[in-house]
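So you can see what is in the structure, the chains are spelled out below.
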Amino acid sequence: MKEMESLFAVQEEDVVLRQLQHRKENLHEAGVVANTESRLAELSKSKDLLSVEHLETIQRQKRFEQEVEAVESRISELDGKLYGGMVTSPKEATSLEVEIQHLRERQNQLEEKVLELMEEVEPQEREIVEIDDETHKAQNELEVAHQALKVVTAELDETLKDTQQRREEAATETEDELLEHYENLRGAFGSSVVVQFDGNNCKGCPSTMPAVEADRLKQIPEGSYSNCQECGRIVAR
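Computed from a prediction, not measured in an experiment: that's the story for all the values here.

Time to look at the sheet that holds strand β2 (residues 225-227). One open sheet holds the 3 strands; their spatial order is β1-β3-β2, and the pairing between them is mixed. Looking at which strands have only one partner, the edges of the open sheet turn out to be β1 (194-196) and β2. The sheet shows a mean angle of 35° between the axes of neighbouring strands, direction not considered. Looking at chain direction, β1 and strand β3 (residues 234-236) are connected through 3 bridges and run parallel. Looking across to β3, one finds that Val195 is bridged to Val235. Each of β1, β2 and β3 is contacted by helix α1 (residues 2-25), which is oriented at about 120° to β1, the strand it contacts most.

In this section: the side chain of Glu213. By the secondary structure assignment, Glu213 is in helix α5 (residues 211-218). A polar side-chain atom of Glu213 sits 2.7 Å from a polar atom in the side chain of Arg216. When residues no more than four places from it in sequence are discounted, the contact partners of Glu213 are Asn227, Cys228, Gln229 and Glu230.

Let us look at α1. Between its terminal C-alpha atoms α1 stretches 34 Å, which fits the 34 Å expected from 24 residues at 1.5 Å a residue. Inspection of α1 places Met4, Ser6, Leu7, Phe8, Val10, Gln11, Glu13, Asp14, Leu17 and Leu20 among the buried residues, and these make up the whole buried set. Looking at the buried positions of α1, the neighbouring elements they touch are α3 (90-172), α4 (176-189), β1, β2 and β3.

The rules behind these values
- Residues numbered from 1 in each chain as written.
- Predicted model: local features only at pLDDT ≥ 70, side-chain atom pairs only at ≥ 80, totals over all residues.
- Heavy atoms only, no water.
- Pairing = 2+ DSSP bridges.
- Helix = DSSP H or I, 4+ residues; strand = E, 2+ residues; numbered from the N terminus.
- Axes fitted to C-alpha atoms, helices over the stretch in contact; angles between N-to-C directions.
- Contact = heavy atoms within 4.5 Å.
- Polar contact = N/O pair within 3.5 Å; in protein donor to acceptor, adjacent residues only side chain to side chain.
- Expected span 1.5 Å × (residues − 1).
- Buried < 20%, exposed > 50% of the residue type's maximum accessible area, 1.4 Å probe, protein only.

Right, dumping it as structure tokens:
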């Protein structure tokens, strides 16, 4: 009888071990860590894309600003030539005035482009700052989540260790051949490899046991076992 009690104890600890392992593999805290890491990756990707866009906008703005400077320099040069007494021909003066007018129009166009790009840069910079703030917040959340996961994992590991020890102690009190037979059946029956015989039925069978099989099991001494011919489980008397 004690041997069957030990085998039932092994089975009970196996059930607990499976439950604990399942819980460890599906910890809420692990999900929080994974989700936060995913959010940080998305934030990093968004910042990288936005930073490239921001850099390109800044570079375009600088190119236009340099063109504005070049145009202003050319206008200043032509103004000096036109009003510095260096031009004596009316035709040449008219030509300079036309060129200056075209340059001023070009300057206006370039300055408008610079203003447009400045209007693009400002919201980009604000968005980068917002992403940085959100990233900092998520990093803090990740640190807290990792700590919570560490605590609950340590507690589960300790419980798993204790349960495994109890399982091993019960296994040492079980006959080797019976224990091996139990192990071979675990894949098929999971948490109900070993079941009780209630006097009429095997508690593992889904339907009523045939009378012939029930009578056979009744003949087995109490404290011993046999395999149920209907379902194949180990039936304890």
